[in-house]
Each structure stands twice: as C-alpha cells, then as structure tokens.
Amino acid sequence: PGLVDRHNAGAHRDMDVFTFIDSACALRPYFETCARIGLAHRGKDAQACFDALRVPGLLAEDAMRRATGGVNTHKGALYALSLLLAAMGRHLSGAQESVFSLAAADAAALAPPVGTHGSQVRRRYGRPGAREEAMDGFPSLQALLQATRSQPPLGVLLWSMAHLSDSNLLYRGGEAGLAFAQNEAERILRLPQAQWEAELTALDAEMTRRNLSPGGSADLLALTLFFRSLDFWTELSV
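Because the structure is a prediction, the values reported are computed rather than measured.

(A) Broad picture of the overall build of the chain. Looking only at helices and strands, the chain features 12 helices and zero strands. Each helix and strand of the chain, ordered N terminal to C terminal, gives the series α-α-α-α-α-α-α-α-α-α-α-α. Taking 18 Å as the expected radius of gyration for a compact globule of 238 residues, we find that the chain reaches 18 Å, a close match to that expectation. Projected onto the principal axes, the alpha-carbon positions of the chain cover approximately 50 × 40 × 35 Å.

(B) Focus on the state of the cysteines. Inspection of the entire model under this criterion finds zero disulfides. Among the cysteines around Cys-25, which has no disulfide bond, Cys-34 carries the closest sulfur, lying 17 Å off. For Cys-25, a relative accessible area of 56% translates into the label exposed. Left unpaired, Cys-34 is separated from the closest cysteine sulfur, that of Cys-49, by 8.7 Å.

(C) Examining the pattern of salt bridges more closely. Counted under the stated rule, the structure contains 11 salt bridges. The shortest N-O distance in the salt bridge between Arg-36 and Glu-32 comes to 3.0 Å. Linking Arg-36 with Glu-32, this pair stays in helix H1 (residues 17–39), spanning four residues, or about one helical turn. Overall, Arg-36 belongs to the exposed group, its relative accessible area being 54%. Salt-bridge contacts for Asp-62 lead to Arg-66; the nearest nitrogen and oxygen are separated by 2.9 Å. Taken together, the positions of Asp-62 and Arg-66, both in helix H2 (residues 46–68) and four residues apart, correspond to about one turn of that helix. Note on Arg-66: relative accessible area 61%, which makes it exposed. Because the salt bridges share partners, they merge into one network encompassing Glu-61, Arg-65 and Lys-75.

(D) Seen up close, the packing of H2 against helix H3 (residues 75–92). Two numbers describe how H2 lies on H3: the axes approach to 11 Å, and their chain directions differ by 140°. Between H2 and H3, the angle is such that the two are oblique. Taken as a pair, H2 and H3 cross one another with a handedness that is right-handed. Where H2 approaches H3, its residues Ala-46, Cys-49, Leu-53, Gly-57, Ala-60, Glu-61, Met-64 and Arg-65 are matched on the opposing element by Lys-75, Leu-78, Ser-82, Ala-86 and Arg-90. Partitioning the contact of H2 with H3 into residue classes produces seven nonpolar, two polar and four charged.

(E) Quick look at helix H8 (residues 153–163). Taken together, the buried positions of H8 are Gly-155, Val-156, Leu-157, Leu-158, Ser-160, Met-161 and Ala-162. Packing partners of the buried residues in H8 comprise helix H7 (139–147), helix H9 (167–189), helix H10 (196–209) and helix H11 (215–228).

(F) Broad picture of the side chain of Thr-19. Residue placement: Thr-19 occurs in helix H1. At 3.0 Å, the side chain of Thr-19 and the side chain of Asp-16 are in polar contact. Ignoring anything within four residues of it in the chain, the contact list for Thr-19 reads Thr-68, Val-71 and Thr-73.

Thresholds, definitions, all that
- Residues numbered from 1 in each chain as written.
- Predicted model: local features only at pLDDT ≥ 70, side-chain atom pairs only at ≥ 80, totals over all residues.
- Heavy atoms only, no water.
- Helix = DSSP H or I, 4+ residues; strand = E, 2+ residues; numbered from the N terminus.
- Rg over C-alpha atoms; globule rule 2.2 N^0.38 Å.
- Disulfide = S-S within 2.5 Å.
- Buried < 20%, exposed > 50% of the residue type's maximum accessible area, 1.4 Å probe, protein only.
- Salt bridge = Lys/Arg side-chain N within 4 Å of Asp/Glu carboxyl O.
- Axes fitted to C-alpha atoms, helices over the stretch in contact; angles between N-to-C directions.
- Parallel < 35°, antiparallel > 145°, perpendicular 65-115°, else oblique.
- Left-handed = near helix turned anticlockwise from the far one by under 90°.
- Contact = heavy atoms within 4.5 Å.
- Nonpolar A, V, L, I, M, F, W, Y, C, P; charged D, E, K, R; others polar.
- Polar contact = N/O pair within 3.5 Å; in protein donor to acceptor, adjacent residues only side chain to side chain.

As structure tokens, this is what we get:
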C-alpha cells in the first residue's frame, strides 16, 4: 500500500518498478563489496570498517542516481544493507559479536546525517529513525525475523507498518499520516488472511491519494527477506 510495485507506482511520482530494477542492478556490486570489506576487517574497530565503506558507499549512491536519472530509490536500504553486510562479513570471518551488535557499532561510528528526510523528521517530531534503529542493533528487523515464523511476507509488512515509527510516513503525512497507516495495518492484521488482498488494494488507493508511502517498512521487509533467504541466518544473531 502506497509503495511502488508491479501494479502501480503508489504514492511516488518519479519512479516505477523498472526504476527499482535498474537501481538494484546498479547496486549489486556494491553489496558484495560491503561483505568483502567486512571479511577484511576482522579484529578491527568499527571506525576502521566505516572508513573503508565510506568511498564505496558514495560511489554506490552515485551509481544508483545515474541508473535512475537522479531518483533516490534505495538510499534507506543502501544505508542499512551497508552496515549489515559489512557486519556479516566480520562475523563470518570469526568475530564473536553478533551481526546486529557489529552493525550497531558501525552505525555509532557514523556522524548523524544532515539534510535527509530522516534528519528533518527527527528534528521536527523527535522520533527515532533509521540511524537509531541501526545503533540499537536493528530491534525492528529482529522482531520481523521472528514474525516470519508465523506470517507471510505481506503479514510481516503489515506488522512493521503497524509498529514502526516510519520517517517516510512522518515526512509525507505528519503524525496524522503515520497514525492512519498504523491503524489501518493493525486493522487488516486482525482480519482473516483471505480478506487481505481486497483490503490492501483499497488501502493502496487511499494511501496513494493521501501521498503516503511506508518506505521504512519496505526497507525492513527487504532486509527480513534477505536474512530469511540465508540458511545460516539464525547463527548470525547469536
């Protein structure tokens, strides 16, 4: 609901599903680089790992914008995946800390972002955002990973929408927009799954009309599906 998918562009005016495909293809080499940087930084502190990620990250964002004609499709996912993939590399190379603990340390080494939607929302509403999620060790992601044991992907997305303080929703619709999305997601979750498709189709139309897009939840869903795709994901969080 409100997001770009194969049916429509949701609340977005400057992108479609093909924009996202182009962006994902442009970013794929960078994601491998993140994991390799982590593998090469076993035993080194978070600042050293972040310093190694800085230039590749800037190049990746530039590649994304060139592939999309200047559109920011994946900036939030790029931030979170950079931290998590580097942390995964460090963990797989022998670091004793969990992936989430390592990612939290890397996030703390970063200076707070300036001029982003998240920083504007933090200043205006005092709500935590992607940076705080990362610095706390991705608690929402860990909760969603547990939710996948009993929920299909759409249920995971709805659970995230119902609970996350999504800076994308706050930026677009303020507190009222966030509350609307949270309440609707909670309502649909209580319904039988057989009713979800019709309810989500209607909610997609209404959120598009209200210019609301739960981009933070979309990023978390992508991260959740990625971790669930790994046979060894349970050992990454120990």
